[in-house]
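# Analysis of the macromolecular model
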Amino acid sequence: MTAEVAESLFWIVLAAAIAPLLAAAVPGRLIPEVVLLLAAGIIIGPFGIDIAAISPEIDMLQELGLGLLFLLAGYELDQRELVGSGGRRALVTWLCCLALAFAVVYSLAHVITIRAEVATAIALTSTALGTLLPILTERGLVETRMGRTILNHGAIGELCPVIAMAVLLGVRGAAGSVLVLGLFAVAAVGVALVPRRFGGSQSRLAAVIEKGADTTSQTQVRLTVLLLVGLIALAAAFDLDIIIAAFAAGFILRRTLPTGHEGLETKLGGLAFGLLVPVFFVTSGMNIDVDGVVQRPEVLVLAIVMLLLVRGLPVFIATRLEKADDGRRAFDKRERAQIALYSTTGLPLIVAVTTVAVDAGPMTPTNASILVAAGAITVLILPLTATLLGRGEVEEIIPAEEDQD
């Protein structure tokens, strides 16, 4: 490691350490920590005071942070919900969002110059589930009916844009990309079935893994990291995005541990949110071209409005159809507005989509910065607004097996 890399890493880690302290100092913790991480990245990065730079070594940490963020998101998902009525509603809602996004983007292309229309449309349909999870957990919403609805829309709003990105932005064309995705899915299922192939030795292997879980061997953590890195390498071989691999790793881990594992979850949370995830968000902030955003404020405002229109409005309408156990509407207008605001919160997928589009050529770095800045603003403003709307509410916590078909 060179001195320049070490110095940059120091400033990034310092920003990561200070952010939660500043977030805790804000009354009511109204500013999410991720916003402060992004702001810190802007300040220390090349578009700020330029005391830190992204080297290949730091970029690797950023990629691992992104991977762990989506692994935990995939692990936290209730897979029964995704195939239940809530998941189906969320999928239909996202498809409506995608159709609306294409209509809006291509209509605006006749009025203003918009390059990379497909990438822009996909970015507008995303939901930052990995970003929302800490916020929802902190505010006690995860186990509520509203929280589960948000998680359903968030899961679909992360998984489907990733698939759309792989199919519509892939270098092989749509048909080739679908074939590659299918091959990757088959390979991932094969990985998930590996533990069952040990037959009679499975219990002995499980005992060895369990015995080393709380020793210096840390077998469970090492195997989880192996699963993540192995699927990332497999995705790279198929020329797929890292997020698909991370989601697959989270799904496989949940299938392996269907009832969860508190010790492993604590250790993975420490590894992810103690270093790698903060590094991802700080370095994402470092990539935001502040001057390019400031010079085009009207485009930034337009991007935020488009996010609310394309993602927020369909979710707001869709939640009107949800019913409680007694047959009445599950949510009133205020709660529907909260769900829509949370579901419109986007960032990691916007970063991923714009990165692919910039690397491919059609999207300019300035336009990418504007979209990322719009996503960052949604992380700052929309959960805060949703929290203020829900002040004083006490929601009923419902069992996981309810609300299933």
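Refer to the structure above for everything that follows.
Predicted model, so just to flag it, every value in this text is computed and none were measured. (Residues numbered from 1 in each chain as written. Predicted model: local features only at pLDDT ≥ 70, side-chain atom pairs only at ≥ 80, totals over all residues. Heavy atoms only, no water.)

Bringing the packing of aromatic side chains into the picture now. Here the structure, examined in full by the defined rule, presents 5 aromatic pairs. For the ring pair phenylalanine 10 and tryptophan 11, a centre distance of 5.2 Å and an interplane angle of 70 degrees mean the geometry is edge-to-face. We classify phenylalanine 10 as partly exposed; its relative accessible area is 47%. Overall, the relative accessible area of 28% leaves tryptophan 11 in the partly exposed class. The cationic tip of arginine 254 hangs over the ring face of tyrosine 75; the distance from NZ or CZ to the ring centre is 4.0 Å. (Phe/Tyr/Trp six-rings, centres within 6.5 Å; stacked < 30°, edge-to-face > 60°. Buried < 20%, exposed > 50% of the residue type's maximum accessible area, 1.4 Å probe, protein only. Lys NZ or Arg CZ within 6 Å of the ring centre and 35° of its normal.)

Turning our attention to unusual backbone geometry. A positive phi angle, near 60 degrees, is found at aspartate 50, a position not held by glycine. The topology assignment puts aspartate 50 in the loop between helix H2 (33-44) and helix H3 (56-76). (Helix = DSSP H or I, 4+ residues; strand = E, 2+ residues; numbered from the N terminus.)

For the rest of this paragraph, the subject is the nonpolar core. Residues Leu240 and Ile243 are the most contacted members of the largest nonpolar core, which totals 120 residues. Broken down by element, the residue count for this core peaks at 11 residues, all from helix H8 (residues 145-168). Contact partners of leucine 240, with chain neighbours within four places excluded, come to Ala166, Val180, Leu181, Phe184 and Ala235. (Core = buried A, V, L, I, M, F, W, Y, C linked by side-chain atoms within 4.5 Å. Contact = heavy atoms within 4.5 Å.)

Keep in mind these numbers describe shape, not what the thing actually does.
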